[in-house]
Amino acid sequence: MSDFRGRDVLSIREFSRADIQLVLRTAKKMVPIALGEKRSRSLEGTILANLFYEPSTRTRLSFESAMARLGGRVLGFSGVEGTSVQKGETLADTIRMVEAYSDAIVLRHPQEGAARLAAEFTEKPVINAGDGAGQHPTQTLLDLYTIWDEKGEVEGQTVALVGDLRYGRTVHSLAYALAELGAHLTFVSPPTLEMPHEILEHLKEQGLSFRIAHRLHEVIRDVDVLYVTRIQKERFPDPQEYEAVVGSYRIDTEALREAKRGLIVMHPLPRVMEIAPEVDRTKHAVYFKQAFNAVPVRMALLDLILGGSE
Amino acid sequence: MRELRVTPIKNGTVIDHIPAGLALKVLKILGIGDSVTSTVTVAMHVPSHAMGWKDIVKVEDRELGAREIDKIALIAPTASVNVIRNYNVAEKRRVTLPDRAVGILRRANPNCISNVREPIESEFVVRSKSPLRVVCKYCDRELEEIVAHIV
């Protein structure tokens, strides 16, 4: 029996290298089922509760698809309108109620730490599907899967994280996990949106080296994976400054002129202006594949946690 | 007649080895204000072999609870707490900084679930003891200005 059975998925930092590798290998086996080429009933008779306290398209639908592909059922809500939450029910109470109706709980919530609190109030496994500006571990797993699947391994790859590296905590989680798996990190951002000091310190303490750049063209020749994040308008008091910054980090075919042949461009989506549509037609673009990978990766997690393969 | 600077107490608590200058903060933690009914003696900037200078607080007719001692540990990890009964030291306790501060620090992050109306106590994990650094168990954010957040 795997250690995963009944396990909570709250933060990627609770995953060891071996844990991550198990998820990636299991996800690979799920691909034909995710594509509808093979059938599985491994989670038949199990019920997943999808509690989405704020809207989400990709995450919610991919969990639903993952559960359906494995023969399980999904119940839940998307947005709190019309639920007992609106009447003022605490998260703790909602969780204790939903626990009785399901075998595992997926939670998206606007407050940081919500999934950890939920896990304290139920014996059933809780999967964090994003808690405000906090953690989003299943996103990190599907990002890692995409790199592993496209490049053959994560170790030794030079991964450049580009854009807003300061405020996005998912990019912080990704940096930790990539470092854990032995990738070489390059951080490309405007000076005001650099990776926070404590994360750089943590990487140094682990004996890991990384590179910091403010311009993409300084590093593009050395990069195997370009992970692009959205730069949010709210971060800039001056709209003109925002436009200038966004423009200078925009990925188009010109920006990729000196890139390695095998470079892959990733983005968690939705994108706004960060990647020009002309890049979609190049073999560098893997962001739609990355969005598909959400399904086999979430299938792998559900199967490991709910013990479908046992 | 020789005047004693600090007289012995019959029953109560002596908090010794407080870092010099922090006695008033200890009083604040103990909730000692206008409504106190027993005698409280504060000695500030007292010579100390071990520490150079220290503060001492004596509170008569009161013994401290575990939570109060944990709170004192947050600001004065060197302090010792002596319980006095009938002029004798009945118990001598060194404060120890807990690994987790439960219910003794106010939450600061408005976006944290623990700050919403949920049936839980605040809980901070001690990341480093010197200098003292604590992070919220729920949102994983570090609490700045720890002393100002003691309940």
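Once a new chain begins, its residue numbering starts again from 1 and follows that chain's sequence as written. By the order in which they are written, chains take letters starting at A while ligands take numbers starting at 1. Local features in this predicted model are restricted to residues whose pLDDT is 70 or higher, and side-chain atom pairs enter the listing and the counts only when it is 80 or higher, whereas totals over whole chains, interfaces and linings include all residues.

K.L.:
What should I look at first to understand the overall build of chain A in this one?
P.N.:
Secondary structure counts use DSSP, requiring at least four H or I residues in a row for a helix and at least two E residues in a row for a strand, with both numbered from the N terminus. For chain A, the helix and strand inventory stands at nine helices and nine strands. C-alpha atoms define the radius of gyration, and 2.2 Å times the number of residues to the power 0.38 defines the globule rule. Computed over the C-alpha atoms, the radius of gyration of chain A is 20 Å, within 12% of the 19 Å expected from 2.2 N^0.38 for a compact globule of 310 residues. In terms of its C-alpha atoms, chain A occupies a principal-axis envelope of roughly 55 × 45 × 40 Å. Per-residue burial over chain A gives 46% buried out of 310 residues. Restricting to contacts in chain A with at least 6 residues of sequence separation, those with at least 24 account for 75%. The exposure label follows from counting other C-beta atoms within 10 Å of a residue's C-beta, where the C-beta atoms are placed from the backbone and the thresholds are 20 or more for buried and 12 or fewer for exposed, leaving partly exposed in between. Two residues qualify as a contact pair if the distance between their C-beta atoms, derived from the backbone, is within 7 Å.

K.L.:
Is there a simple way to think about the interface of chain B and chain A in this case?
P.N.:
Frequently, the measure chosen for interface size is the accessible area that the parts lose on association. In this assembly, 13 residues from chain B lie in contact with 12 residues from chain A. In terms of residue class, the side of chain B that touches chain A is built from eight nonpolar, three polar and two charged. Charged residues are taken to be Asp, Glu, Lys and Arg, nonpolar residues to be Ala, Val, Leu, Ile, Met, Phe, Trp, Tyr, Cys and Pro, and polar residues to be all remaining types, Gly included.

K.L.:
I'm lost on the sheet that holds strand S6 (residues 100-102) of chain B in this one. Help?
P.N.:
Whenever strands of a sheet pair, they do so through backbone hydrogen bonds, lying parallel or antiparallel. Residues and elements named next belong to chain B. When DSSP locates at least two bridges between a pair of strands, those strands are taken to pair. On the basis of which strands lie adjacent, the open sheet formed by three strands has the order S6-S7-S8 and antiparallel pairing. Looking at strand neighbours, the two that pair on one side only are S6 and strand S8 (132-136), the edges of this open sheet. The sheet shows a mean angle of 30 degrees between the axes of neighbouring strands, direction not considered. Sheet analysis places strand S7 (residues 123-129) next to S8, joined by five bridges and oriented antiparallel. In the strand pairing of S8, lysine 129 is matched with leucine 132. Helix axes are fitted only over the stretch in contact, all axes being lines through C-alpha atoms; the angle between N-to-C directions runs from 0 to 180 degrees.

K.L.:
Would you mind showing me how to read helix H2 (residues 66-75) of chain B here?
P.N.:
Think of an α-helix as 3.6 residues a turn; residues three or four steps apart then line up on the same face. Where H2(B) is concerned, the buried positions are B:Glu68, B:Asp70, B:Lys71, B:Ile72, B:Ala73 and B:Leu74. The elements touched by buried residues of H2(B) are strand S1 (12-19), helix H1 (23-29), S6 and S8 of chain B.

K.L.:
Before we go on, may I ask you to explain the sheet that holds strand S4 (residues 126-131) of chain A in this structure?
P.N.:
Residue and element names in this part refer to chain A. Read from one edge of the open sheet, four strands run S2-S1-S3-S4, paired in parallel fashion. Each edge of the open sheet carries a strand with a single partner, namely strand S2 (73-78) and S4. When strand polarity is set aside, the average angle formed by the axes of neighbouring strands in this sheet is 10 degrees. Note: strand S1 (residues 47-52) against strand S3 (residues 104-109), five bridges, orientation parallel. Note that in S3 the partner of asparagine 50 across the bridge is valine 106.

K.L.:
Would you mind going over the pairing of strand S2 (residues 40-48) of chain B with me for this structure?
P.N.:
One ladder, built from seven bridges, connects S2(B) with strand S3 (residues 52-60) of chain B; its direction is antiparallel. Note that in S3(B) the partner of B:Thr41 across the bridge is B:Lys58.

K.L.:
Honestly, the packing of helix H1 (residues 17-34) of chain A against helix H5 (residues 137-151) of chain A in this entry has me stumped. Any pointers?
P.N.:
For any two helices packed against each other, one specifies the inter-axial angle together with the distance between the axes. Residue and element names in this part refer to chain A. Direction vectors running N to C along H1 and H5 enclose 70 degrees, while the axes themselves pass 10 Å from each other. The orientation of H1 relative to H5 falls into the category roughly perpendicular. Remark: the crossing between H1 and H5 carries right-handed chirality. The segment H1 lies against H5, with Ile20, Val23, Leu24, Ala27 and Lys28 engaging Leu141, Leu144, Tyr145, Trp148 and Asp149. If an angle is under 35 degrees, it is roughly parallel; if it is over 145, roughly antiparallel; if it lies from 65 to 115, roughly perpendicular; otherwise it is oblique. Throughout, a crossing is termed right-handed when the near helix is turned clockwise from the far one, and left-handed when it is turned anticlockwise from it by less than a right angle.

K.L.:
Looking at this model, I keep getting lost on the domain arrangement of chain A. Mind explaining?
P.N.:
Residues and elements named next belong to chain A. Reported domain spans reflect what an automatic or database domain assignment gives. Domain assignment breaks chain A into domain 1 (12-135 + 293-306) and domain 2 (138-290). Contact with domain 1, which involves 19 residues of that partner, is made by 18 residues of domain 2. Elements supplying a minimum of two residues to the side of domain 1 that touches domain 2: H1, S4 and helix H9 (287-306). Sort the elements by how many residues they give to the side of domain 1 that touches domain 2 and H1 lands first, with six residues. Class assignment of the residues belonging to the side of domain 1 that touches domain 2 gives a composition of 11 nonpolar, three polar and five charged.

K.L.:
Explain the environment of A:Thr59 here, please?
P.N.:
Note on placement: A:Thr59 falls in helix H2 (residues 58-69). Leave out the neighbours within four places in its chain, and A:Thr59 touches A:Arg108, A:Ala129 and A:Gly130.

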